[in-house]
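One-letter residues, chain by chain:
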Amino acid sequence: MNLKNHFLIAMPKVQDAIFEQSVVYICEHSHEGAMGIVINKSIDDLNVETVLARLDITPYKLCAEMEQPVFIGGPLAEEQGFILHTPQENFASSIRISDDIMITTSLDLLRSIGSKQQPDNILLALGYAGWQENQLEKEIINNDWLVSPAYPQIIFDEPIETRWQSAAKKLGVNINTISSLLGNA
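Residues numbered from 1 in each chain as written. Predicted model: local features only at pLDDT ≥ 70, side-chain atom pairs only at ≥ 80, totals over all residues. Heavy atoms only, no water.

S.K.: Account for the overall build of the protein chain, naming residues and giving values.
M.R.: When helices and strands are counted, the protein chain shows five helices and ten strands. Since a compact globule built from 185 residues should have a radius of gyration of about 16 Å, the 16 Å found for the protein chain is in line with a globular shape. Structurally, the protein chain occupies a C-alpha span of about 55 × 30 × 25 Å along its principal axes. Each of the 185 residues in the protein chain was classed as buried or not, and the buried ones make up 46%. Restricting the contact set of the protein chain to residue pairs at least 6 apart, pairs at least 24 apart contribute 66%. Within the protein chain, the 24 negative side-chain charges are centred at a point lying 4 Å from the centre of the 12 positive side-chain charges. (Helix = DSSP H or I, 4+ residues; strand = E, 2+ residues; numbered from the N terminus. Rg over C-alpha atoms; globule rule 2.2 N^0.38 Å. Buried < 20%, exposed > 50% of the residue type's maximum accessible area, 1.4 Å probe, protein only. Contact = heavy atoms within 4.5 Å. Lys, Arg positive; Asp, Glu negative; His and termini not counted. Charge placed at Lys NZ, Arg CZ, Asp CG, Glu CD.)

Take a look at the structure:
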């Protein structure tokens, strides 16, 4: 099973502060483990403009991306920035995850904001979620996660507060009607 370019949708029984009602975009998955970015938990009072100011980066021009929130990408490396974006080449430290999504960890993408080199869509997160070998598979078997193909429009266009429900709805599931007291058959 390779879940790269998939969503993990937290089941209602998940009560962890970061993962409760979360949607995680899986960027990498192999026999060694998995890495993903939570796409629906924003950090209060932190937006792209604030991050740029803290990094002494002056945007080429003011643009809508400046007002976008910054997300809690996960509990690991919380000071490290990860940028999910629509494909745009020429950034250092970029990896193409799918035809529609890349991830970049370098400042040159942030420096492109407001310029013609800026990707059409960006999602800036601090930190990431990680799983060791077989850990994610065990959590899926334990009914902690629904798994769905990833949809770029949920990452970039869907309102933050409805991403959890919308990701589940793509599977034909009304997540609000699932009991938090699930078991295994």
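S.K.: So what about the layout of surface pockets? Which residues, and what values?
M.R.: By volume, the largest pocket amounts to about 280 Å³. Around the largest pocket sit 15 residues that line it, and Val 51, Leu 55, Glu 79, Gly 81 and Leu 126 are the ones nearest its centre. Residue assignment for the lining of the largest pocket shows that the elements contributing at least two residues are helix 1 (48–54), strand 6 (76–85), helix 2 (107–111) and strand 9 (122–132). No other element matches the five residues that strand 6 contributes to the lining of the largest pocket. (1 Å grid on protein atoms, 1.4 Å probe; cavity = no way out; pocket = protein on both sides within 12 Å on 5 of 7 lines; lining within 4 Å. Points joined across faces, edges and corners; volume = space filled by probe spheres on them.)

S.K.: Provide a residue-level description of the pairing of strand 1 (residues 6–10), including the pertinent values.
M.R.: Burial runs high along strand 1: four of the five residues are buried. Alignment of strand 1 against strand 10 (residues 145–149), held across five bridges, turns out to be antiparallel. Among the inter-strand pairings, Ile 9 is bridged to a residue of strand 10, identified as Leu 146. Bridge count for strand 1 against strand 2 (residues 23–30) is three bridges, and the pairing is antiparallel. In the sheet register, Leu 8 faces strand 2, and the bridge partner there is Val 24. (Pairing = 2+ DSSP bridges.)

S.K.: Describe the side chain of Lys 41, listing the residues and the values that go with them.
M.R.: Position of Lys 41 relative to the elements: it lies in the loop between strand 3 (33–38) and strand 4 (42–47). The buried charged residue Lys 41 lacks any salt bridge, with Glu 20 as its nearest oppositely charged partner at 5.7 Å. There is a polar contact of 2.3 Å between the side chain of Lys 41 and the backbone oxygen of Glu 20. (Salt bridge = Lys/Arg side-chain N within 4 Å of Asp/Glu carboxyl O. Polar contact = N/O pair within 3.5 Å; in protein donor to acceptor, adjacent residues only side chain to side chain.)

S.K.: Any chance you could break down the nonpolar core for me, citing the residues and the numbers?
M.R.: Within soluble globular proteins, side chains that are nonpolar tend to cluster in buried spots. Counting residues in hydrophobic clusters, the biggest one holds 41 residues, and the most contacted among them are Phe 7, Tyr 25 and Leu 84. Considering every element that reaches this core, the biggest residue donor is strand 2, with five residues. Core analysis: the next-biggest nonpolar cluster, separate from the first, contains 15 residues, Cys 63, Ile 83, Leu 110 and Leu 124 among them. (Core = buried A, V, L, I, M, F, W, Y, C linked by side-chain atoms within 4.5 Å.)

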